[in-house]
Amino acid sequence: MKPRTGCETVLKNDHDYWMAKAIAEAAKARAKDEVPIGCVIVRDGKIIARGHNLRETAQDPAAHAELIAIRKAARKLNSWRLLDTTLYVTLEPCIMCMGAIILARIPTVVFGCHDPKGGAAGTLYDLSNDPRLNHRVDLVPRILEQECSSLLSTFFAELRRRRRSLPVS
C-alpha cells in the first residue's frame, strides 16, 4: 500500500487509520438500527469502496458490509479481480463474505474483532488459507479490536433492553 499524501491526520499506523474509516461506516449502520459492521476497501492509499450492513433495511440476507463494498469496488475498477487492495472490516468475515473475498482475489483482510459465532477467518473456520482453494488471503486481526467489539456489544445490549421493555402480546 502506498503512503497517503496530503493533510490527512495519520493515526498510530495505516491499519488504525483505515479501520477508523470502517468504524465510521459501522456507525452509519448503527444509525439505521442495523448491526454495526462497516467495511472499506483501500487501493493505492485511497478508499475505493465503502459498505455497511443493510440486511434489515434491504431485507437481503447478503447485504453484508463486505459484499456491498466488494460490489462497489468491482464496479469502480471495472473488474471482478480486486488485486492490490486491502479490505478493512470491523468484524471477522463470515463464510459468505470470505468466499466473496477469495473469489474477488483480495490479497489482504484486516479486521477488528473475532466473531465466535460465525467467523471464517480463523475463529470457526479459516478459509483464508485453505489449500483446497485457489487463492490465499493474508489476515491482520485485532486492529482497533476494543472499539470494534464495543460497537457490537453496546448495540446488542441495547437491543436486548428494548426487547425486554416491549409489551407481551
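One can find the structure itself at the top, above this paragraph.
Conventions used here
Residues numbered from 1 in each chain as written. Predicted model: local features only at pLDDT ≥ 70, side-chain atom pairs only at ≥ 80, totals over all residues. Heavy atoms only, no water. Pairing = 2+ DSSP bridges. Helix = DSSP H or I, 4+ residues; strand = E, 2+ residues; numbered from the N terminus. Axes fitted to C-alpha atoms, helices over the stretch in contact; angles between N-to-C directions. Contact = heavy atoms within 4.5 Å. Salt bridge = Lys/Arg side-chain N within 4 Å of Asp/Glu carboxyl O. Buried < 20%, exposed > 50% of the residue type's maximum accessible area, 1.4 Å probe, protein only.

Explain the sheet that holds strand E1 (residues 38-43) here, please?
Pairing between the strands of a sheet is mediated by backbone hydrogen bonds and can be parallel or antiparallel. Spatial ordering of the open sheet is given by E2-E1-E3-E4-E5, a layout of five strands whose pairing is mixed. One side of each edge strand has no neighbouring strand; the edge strands of this open sheet are strand E2 (46-52) and strand E5 (138-140). Here the average twist between neighbouring strands, direction ignored, is 20 degrees. Sheet topology places strand E4 (residues 108-113) next to E5; three bridges connect them, and they run parallel. Of the residues in E5, the one forming a bridge with Val110 is Val140. Contacting E1, E2 and strand E3 (86-91), helix H3 (residues 65-77) crosses the sheet at an angle of about 140 degrees to E2. Its contacts with the sheet put helix H5 (residues 145-165) on E3 and E4, and the angle it makes with E4 is roughly 60 degrees.

What exactly am I supposed to notice about the pattern of salt bridges here?
Opposite charge on two side chains permits pairing when their charged atoms draw close. For the structure shown, the criterion picks out eight salt bridges. Close ionic contact of Arg30 with Asp33 constitutes a salt bridge, the shortest N to O distance being 3.5 Å. Here Arg30 falls in the partly exposed class, since its relative accessible area comes to 23%. For Asp33, a relative accessible area of 37% translates into the label partly exposed. A salt bridge links Glu158 to Arg162, with the nearest nitrogen and oxygen atoms 3.8 Å apart. Remark: Arg162 and Glu158 occur in helix H5; sequence separation between them is four residues, near one turn of the helix.

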